[in-house]
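This is what each chain is made of:
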Amino acid sequence: MAKPISIEVWNPSGKYRVVSTKSMPGTRWIRLLADNDCRLEICTETKTILSVDDILALIGDRCDVQLTEEWGEVLFSALKRAGGTAFSNMAVGYNNVDVEAANRNGIAVGNTPGVLTETTAELAASLSLAAARRIVEADQFMRAGLYDGWLPHLFVGNLLKGQSVGVIGAGRIGSAYARMMIEGFKMNLIYYDLYQSTRLEKFVTAYGQFLKANGEQPVTWKRAATMEDVLREADVISLHPVLDKTTYHLINPERLAIMKKEAVLVNASRGPVIDEVALVEHLKANPMFRVGLDVFEDEPYMKPGLADMKNAVVVPHIASASKWTREGMATLAALNVLGKIKGYPVWGNPNLVEPFLKEDATPPAACPSIRSGQQAVSQTFDI
Ligand SMILES: NC(=O)C1=CN([C@@H]2O[C@H](COP(=O)(O)OP(=O)(O)OC[C@H]3O[C@@H](n4cnc5c(N)ncnc54)[C@H](O)[C@@H]3O)[C@@H](O)[C@H]2O)C=CC1
Ligand SMILES: O=C(O)C(=O)CO
């Protein structure tokens, strides 16, 4: 029998029981559930990743809906037995969710797209700059009291202006990142995706025309026929695909070998998109090659040797960590499960979630981004 697990309860007499495996930022998500006849139980365990037994104990013998954690057959069948109807990820990526198992158990699955697009892209841009200009190394140098005056060769890094920025996975976040690097640093884009990113292409064309009309060098875009074309040509490459079997170890030893020796590689998608053991070896052999990583293959751990690499900037999966975004993710996750309880229809476009995020407005009577037990959770829109 699983040991009891610490929780805080909101609206104890609520008709519907909603369980959250984490405390989430903000209070609107709590109010929305409590004000709609939900008893909300929030896990207050201090450990970060709950075990399956922990979550089974949380679900108990009656649970209407659930928010965020690793989910497969054991948990979805337990949620079904407890009368559950919905699960929502407090994340847009849902590789931690066995959607087929949810379908088999008739559990609707939600995620939180759109609200984290710019926040995540800004972190990827931050990692691009931090790696290109060796910010962390220089910071540590200063703090160690090693600076004793300006030197021509001190922490020389990479110029971005006029260089090539590569994006693999030009969806919501990849497109937002591309625009930041193009608008902000006049970089030229080369991207690879399974789908054409028409809106992004039109933006870059128009921006290039604007620059030319003002006597400046226009920026350009190119849709690569292969991923290798991006890796060969780009000076900065940022990874923004979903994690699935087609993108697992997408960056492998062979693809690392064809990248420029002084390239910058950024990953704010999922750790397993990169073969991290191969990356450590590549970083050791190529000191001018630099990486900026927000995610890791074996989170929360780094592969041996990565922590020692001066040409790596590493942060702990914080790409969506802005106040507005995290509170918005909590709101969307709560409204996904609340919408299922109320029998609301699915919102037409999960890319346009602003109507759900207005603090003092009543949210639309819809599920922001959830599919009934039979439909896929995520869609790819031409953004
Ligand atoms: N580090 C963090 O905190 C965060 C990480 N993420 C990750 O970023 C991912 C992308 O998020 P969004 O941009 O909102 O999703 P999205 O669905 O808008 O974009 C993903 C893109 O990847 C492309 N893609 C899929 N398979 C591919 C392949 N084999 N080769 C090339 N492109 C491929 C798709 O066509 C799509 O355009 C999420 O799935 C999640 O894993 C998202 C938010 C925060
Ligand atoms: O949204 C996601 O996919 C994350 O990784 C957390 O923001």
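This one's a predicted model, so the numbers in the text were calculated from it and none came from an experiment.

Caption draft 1: Region of the structure containing the nonpolar core. Ranked by size, the top nonpolar core spans 61 residues in total, and within it Trp 29, Leu 33, Tyr 177, Ile 182 and Leu 189 carry the most contacts. Each of domain 1 (7-112 + 322-376) and domain 2 (117-314) gives at least three residues to this core. If sequence neighbours within four positions are ignored, Leu 33 has contacts with Val 18, Cys 38, Leu 40, Ala 334, Val 337 and Leu 338. Judged by nonpolar contacts, the second largest core, of 29 residues, contains Val 230, Leu 231, Ala 234 and Ile 274.

Caption draft 2: Representation of the UniProt feature "domain: D-isomer specific 2-hydroxyacid dehydrogenase NAD-binding" (unreviewed entry) in the protein chain in the model. Mapped onto this numbering, the UniProt entry gives "domain: D-isomer specific 2-hydroxyacid dehydrogenase NAD-binding" (unreviewed entry) at residues 127-319. In this annotation, residues 127-319 is assigned 35% helix and 15% strand; the end-to-end C-alpha distance for the span is 10 Å.

Caption draft 3: Looking closely at unusual backbone geometry. Geometrically, the link from Glu 299 to Pro 300 is a cis peptide bond, its omega value of 5° lying close to zero. With respect to the helices and strands, the residue Pro 300 is situated in the loop between β12 (290-293) and β13 (312-314). Even without glycine at this site, Phe 155 takes up a positive phi of about 50°. Along the chain, Phe 155 turns up in the loop between α6 (135-143) and β7 (164-168).

Caption draft 4: Spotlight on the UniProt feature "domain: D-isomer specific 2-hydroxyacid dehydrogenase catalytic" (unreviewed entry) in the protein chain. Under the local residue numbering, the UniProt record ascribes the feature "domain: D-isomer specific 2-hydroxyacid dehydrogenase catalytic" (unreviewed entry) to residues 86-344. Helix makes up 40% of residues 86-344 and strand 13%, with an end-to-end C-alpha separation of 12 Å.

Caption draft 5: Spotlight on the pattern of salt bridges. Evaluated as defined, the whole model comprises 13 salt bridges. In this structure, the salt-bridge partner of Glu 41 is Arg 39, at a minimum N-O distance of 2.6 Å. The partner of Arg 255 in a salt bridge is Glu 228, and the shortest N-O contact between them spans 2.8 Å. In this pair, Arg 255 sits in helix α10 (residues 253-258) while Glu 228 sits in helix α9 (residues 227-233), placing the two residues 27 residues apart along the sequence. Judged by relative accessible area, which is 21%, Glu 228 ranks as partly exposed. Through salt bridges with shared partners, a single ionic network connects Arg 17, Arg 39 and Glu 41.

Caption draft 6: Broad picture of the sheet that holds β7. Pairing within the open sheet is parallel, and its 7 strands lie in the order β9-β8-β7-β10-β11-β12-β13. With partners counted over all chains shown, the strands left at the sheet margins are β9 (221-223) and β13, one partner each. Going from strand to strand, the sheet's axes swing by 15° on average, the running direction of each strand aside. Alignment of β7 against strand β10 (residues 236-239), held across 4 bridges, turns out to be parallel. Note that in β10 the partner of Gly 166 across the bridge is Ile 237. The strands touched by helix α7 (residues 172-185) are β7, β8 (188-192) and β10; relative to β7, the strand with the most contacts, the crossing angle is about 175°. Against the sheet, helix α8 (residues 198-213) touches β8 and β9, its axis set at about 155° to β9.

Caption draft 7: The arrangement of the site of ligand 1 in detail. Lining the immediate environment of ligand 1, one finds 27 residues, of which Arg 172, Ile 173, Asp 193, Thr 246 and Asp 294 sit closest. Between Ile 173 and ligand 1, the recorded distance is 2.9 Å, taken from a backbone N or O atom to an oxygen atom. Contact between ligand 1 and Asp 294: a nitrogen atom at 2.8 Å from a side-chain N or O atom of the residue. In isolation ligand 1 exposes 860 Å². Once the protein is present, 94% of that is buried. Partitioning the shell around ligand 1 into residue classes produces 12 nonpolar, 11 polar and 4 charged.

Caption draft 8: Structural detail: the site of ligand 2. Around ligand 2, a shell composed of Ala 91, Val 92, Gly 93, Leu 116, Arg 270, His 317, Ser 320 and Met 329 is seen. One nitrogen or oxygen atom from the side chain of Ser 320 is found 2.6 Å from an oxygen atom belonging to ligand 2. When ligand 2 sits alone it has 230 Å² of accessible area, and the protein chains cover 85% of it. Here the residues of the shell around ligand 2 sort into 4 nonpolar, 3 polar and 1 charged.

Thresholds applied
- Position labels on residues start from 1 in each chain and follow its written sequence.
- To read the labels, note that chains go from A and ligands from 1, taken in the order they are written.
- Note on the predicted model: pLDDT of at least 70 is required for a residue's local features to be given, and 80 or more for side-chain atom pairs to be given and counted; whole-chain, interface and lining totals, by contrast, use all residues.
- To obtain the side-chain values, all non-hydrogen atoms of the structure were used and water was disregarded.
- Put simply, buried Ala, Val, Leu, Ile, Met, Phe, Trp, Tyr and Cys residues joined by side-chain atoms within 4.5 Å make one nonpolar core.
- Only protein chains enter the area calculation, which uses a 1.4 Å probe; residues under 20% of their type maximum are buried, those over 50% are exposed, and those in between are partly exposed.
- Where each domain starts and ends follows an automatic or database-derived domain assignment.
- The contact criterion used throughout is that any non-hydrogen atoms of two residues lie within 4.5 Å.
- UniProt positions are given in the numbering used here, feature names are shortened, and annotations may be inferred rather than shown by experiment.
- The numbering of helices and of strands both runs from the N terminus, where a helix is a DSSP run of H or I of at least 4 residues and a strand a run of E of at least 2.
- Every case where a carboxyl oxygen of Asp or Glu lies within 4 Å of a side-chain nitrogen of Lys or Arg is listed as a salt bridge.
- Pairing between two strands requires that DSSP report at least two bridges joining them.
- Fitted lines through C-alpha atoms give the axes, limited to the stretch in contact for helices. The angle between two N-to-C directions lies from 0 to 180 degrees.
- The cutoff for a nearby residue is simple: one of its non-hydrogen atoms must lie within 4 Å of the molecule or strand.
- Residues adjacent in sequence count toward polar contacts only when both atoms are side-chain atoms; beyond that, a polar contact is any pair of N or O atoms within 3.5 Å, and within protein one must be able to donate a hydrogen and the other to accept it.
- All accessibility values rest on the Shrake-Rupley procedure with a 1.4 Å probe; residue burial counts only the protein chains present in the view.
- Each residue receives one of three labels: charged for Asp, Glu, Lys and Arg, nonpolar for Ala, Val, Leu, Ile, Met, Phe, Trp, Tyr, Cys and Pro, and polar for the others, Gly being one of them.

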